[in-house]
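One-letter residues, chain by chain:
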Amino acid sequence: MEEAPLQKLEDELLQEKGVELWVKREDLLHPHISGNKWRKLKYNLQEAKRQGHHTLLTFGGAYSNHISATAAAGKEYGFKTIGIIRGEEHLPLNPTLLFATSCGMQLHYISREKYKSKAEPDFLEELQQQFGNLYLLPEGGTNLLAVKGCTEIVQDIDLKYDYLCCAMGTGGTLAGIVAGLAGERQVLGFPALKGGEFLRREVEELVQAYSGHAYSNWQLITDYHFGGYAKVKPELLAFMEEFKQKHHIPLEPIYTGKMMYGLFDLIGQGYFARGSRVVAVHTGGLQGNAGFKERLGVQIL
Ligand SMILES: *Cc1c(COP(=O)(O)O)cnc(C)c1O
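What counts and how
- Residues numbered from 1 in each chain as written.
- Predicted model: local features only at pLDDT ≥ 70, side-chain atom pairs only at ≥ 80, totals over all residues.
- Heavy atoms only, no water.
- Helix = DSSP H or I, 4+ residues; strand = E, 2+ residues; numbered from the N terminus.
- Rg over C-alpha atoms; globule rule 2.2 N^0.38 Å.
- Buried < 20%, exposed > 50% of the residue type's maximum accessible area, 1.4 Å probe, protein only.
- Contact = heavy atoms within 4.5 Å.
- Domains from an automatic or database assignment.
- Buried area = accessible area lost by both parts, 1.4 Å probe.
- Salt bridge = Lys/Arg side-chain N within 4 Å of Asp/Glu carboxyl O.
- Nonpolar A, V, L, I, M, F, W, Y, C, P; charged D, E, K, R; others polar.
- Polar contact = N/O pair within 3.5 Å; in protein donor to acceptor, adjacent residues only side chain to side chain.
- Core = buried A, V, L, I, M, F, W, Y, C linked by side-chain atoms within 4.5 Å.
- UniProt positions renumbered as here; feature names shortened; annotations may be inferred.
- Pairing = 2+ DSSP bridges.
- Right-handed = clockwise from strand over helix to strand, strands pointing away.

1. Topic: the overall build of the protein
Now for step 1: Helix and strand content of the protein: twelve helices and ten strands.
Now for step 2: Against the globule reference of 19 Å for 301 residues, the protein gives a C-alpha radius of gyration of 19 Å, in line with a compact fold.
Now for step 3: Along the first, second and third principal axes, the C-alpha set of the protein runs to 60 × 45 × 35 Å.
Now for step 4: Scored against the burial criterion, the 301 residues of the protein give a buried share of 54%.
Now for step 5: Within the protein, residue pairs in contact and separated by at least 24 positions form 73% of the contacts whose partners lie at least 6 positions apart.

2. Some details on the domain arrangement of the protein
Now for step 1: As far as domains go, the protein holds domain 1 (6–31 + 143–296) and domain 2 (35–141).
Now for step 2: Centre-to-centre separation of domain 1 and domain 2, based on C-alpha positions: 25 Å.
Now for step 3: Taken together, the 26 residues of domain 1 in the interface contact 22 residues of domain 2.
Now for step 4: Taking both partners together, domain 1 and domain 2 bury about 2100 Å²; carbon and sulfur atoms supply 51% of that area.
Now for step 5: The largest contributions to the domain 1 side of the interface with domain 2 come from His30, Leu145 and Gln287, which together make up 25% of the buried area.
Now for step 6: Counting across the interface, domain 1 meets domain 2 through three salt bridges.
Now for step 7: Where Glu152 meets Lys42, a salt bridge forms, and the shortest distance between an N and an O atom there is 2.8 Å.
Now for step 8: Of all elements in the fold, only α7 (144–155) and α12 (288–296) reach the threshold of two or more residues within the side of domain 1 that touches domain 2.
Now for step 9: Ranked by residues supplied to the side of domain 1 that touches domain 2, first place goes to α7 with seven residues.
Now for step 10: When its residues are assigned to classes, the side of domain 1 that touches domain 2 shows seven nonpolar, eleven polar and eight charged.

3. Remarks on the side chain of Asn217
Now for step 1: Within the secondary structure, Asn217 is located in the loop between α9 (199–211) and β9 (218–220).
Now for step 2: The buried category is assigned to Asn217, whose relative accessible area is 6%.
Now for step 3: There is a polar contact of 2.7 Å between the side chain of Asn217 and the backbone oxygen of Arg185.
Now for step 4: Not counting chain neighbours up to four residues away, the residues in contact with Asn217 comprise Gly183, Glu184, Arg185, Gln186 and Val187.

4. Describing the nonpolar core
Now for step 1: Leu21, Phe190, Met260, Leu263 and Phe272 are the most contacted members of the largest nonpolar core, which totals 33 residues.
Now for step 2: Listing elements by their share of this core, those giving two or more residues are β2 (20–25), β7 (163–168), β8 (186–191), α10 (234–247), α11 (256–268) and β10 (277–282).
Now for step 3: Tallying contributions element by element places α11 first for this core, with six residues.
Now for step 4: Not counting residues up to four positions away in its chain, the partners in contact with Phe272 are Val19, Tyr163, Leu188, Leu263, Leu266, Ile267 and Val278.
Now for step 5: Counting 27 residues, the second largest nonpolar core, distinct from the first, contains Leu181, Leu206, Val207 and Val281.

5. Topic: the UniProt feature "active site" (unreviewed entry) in the protein
Now for step 1: The UniProt record marks Ser64 with the feature "active site" (unreviewed entry), using the residue numbering of this structure.
Now for step 2: Here Ser64 is to be found in the loop between β3 (55–60) and α3 (65–77).

6. Some remarks on the pairing of β8
Now for step 1: Counting buried residues along β8, five of its six residues qualify, which places the element largely inside the surrounding structure.
Now for step 2: Of the pairings in the sheet, the one linking β7 to β8 comprises six bridges and is parallel in character. Among the inter-strand pairings, Ala167 is bridged to a residue of β8, identified as Phe190.
Now for step 3: Taking the sense of rotation as the criterion, the β-α-β connection linking β7, helix α8 (residues 172–181) and β8 turns out right-handed.
Now for step 4: Relative to β9, β8 is paired through three bridges, and the arrangement is parallel. Following the sheet pairing, Val187 is matched in β9 by Trp218.

7. Quick word on the environment of Gly268
Now for step 1: Mapped onto the fold, Gly268 is located in helix α11.
Now for step 2: In this structure Gly268 comes out as partly exposed when scored by relative accessible area, which is 35%.

Here's what the structure looks like:
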């Protein structure tokens, strides 16, 4: 595992508003098991080994960072991997699935309808029957061992700060951050999907189940979904491009681009008091940019 350094940003807006912004570069943790997906897999891999499993099975869309990370982790740590992919097979494989298969992952496609039952006991039982003895990782890799891994994101930040910001899909990463901070500082979660208010409940339940506490030093910022999960707008892509030019930090449009756009927007609005120090977690996910380029014909990296 590599280091995930803290990088301080220099920017006119930050200077004007008297806000300090640091990026926690979780994207640099591992070349293929990037960012929060590595944090979420870490204790699950140990547990799978402990239970004597040889195969990991998980779920995801065709561009999923979690599928990509699980495939790479399986290869590195000696597990067979099976990916249950939402929707139909498209050939040639997109860059995410091509990478996953190059790591040895077996892909199985299921209909979008069937995919909805991905967490139902009957369906999981069916998969166990079909593929044998498996260690099951839920979609996005979120479970209590993933929350445990994500608590280490904050243990790894050697800096005093006021706010910590993180993008959200299932909310597992934010739950780990909230549990890890144990009531200290303020945490802002930026859902990547529309109607992200439901994540409040998910995070509350995960934090409670993991730590036995209910903390109130966190909130959701739901205004920066850009129309929904994996939806983009030209101003988002332009922001990401400018951000990369200025700070030499690549973002991706699904999670980190939206969070950073939202964060700069909040800073511009004076959301943070002068003198505030903010840390934004770069959760990685850059593998997805190759597929985005292919789908939209836009160059991101
Ligand atoms: C998966 C992912 C997230 C969302 O993590 P959750 O734990 O599901 O909320 C955020 N950022 C990136 C880059 C991701 O790949």
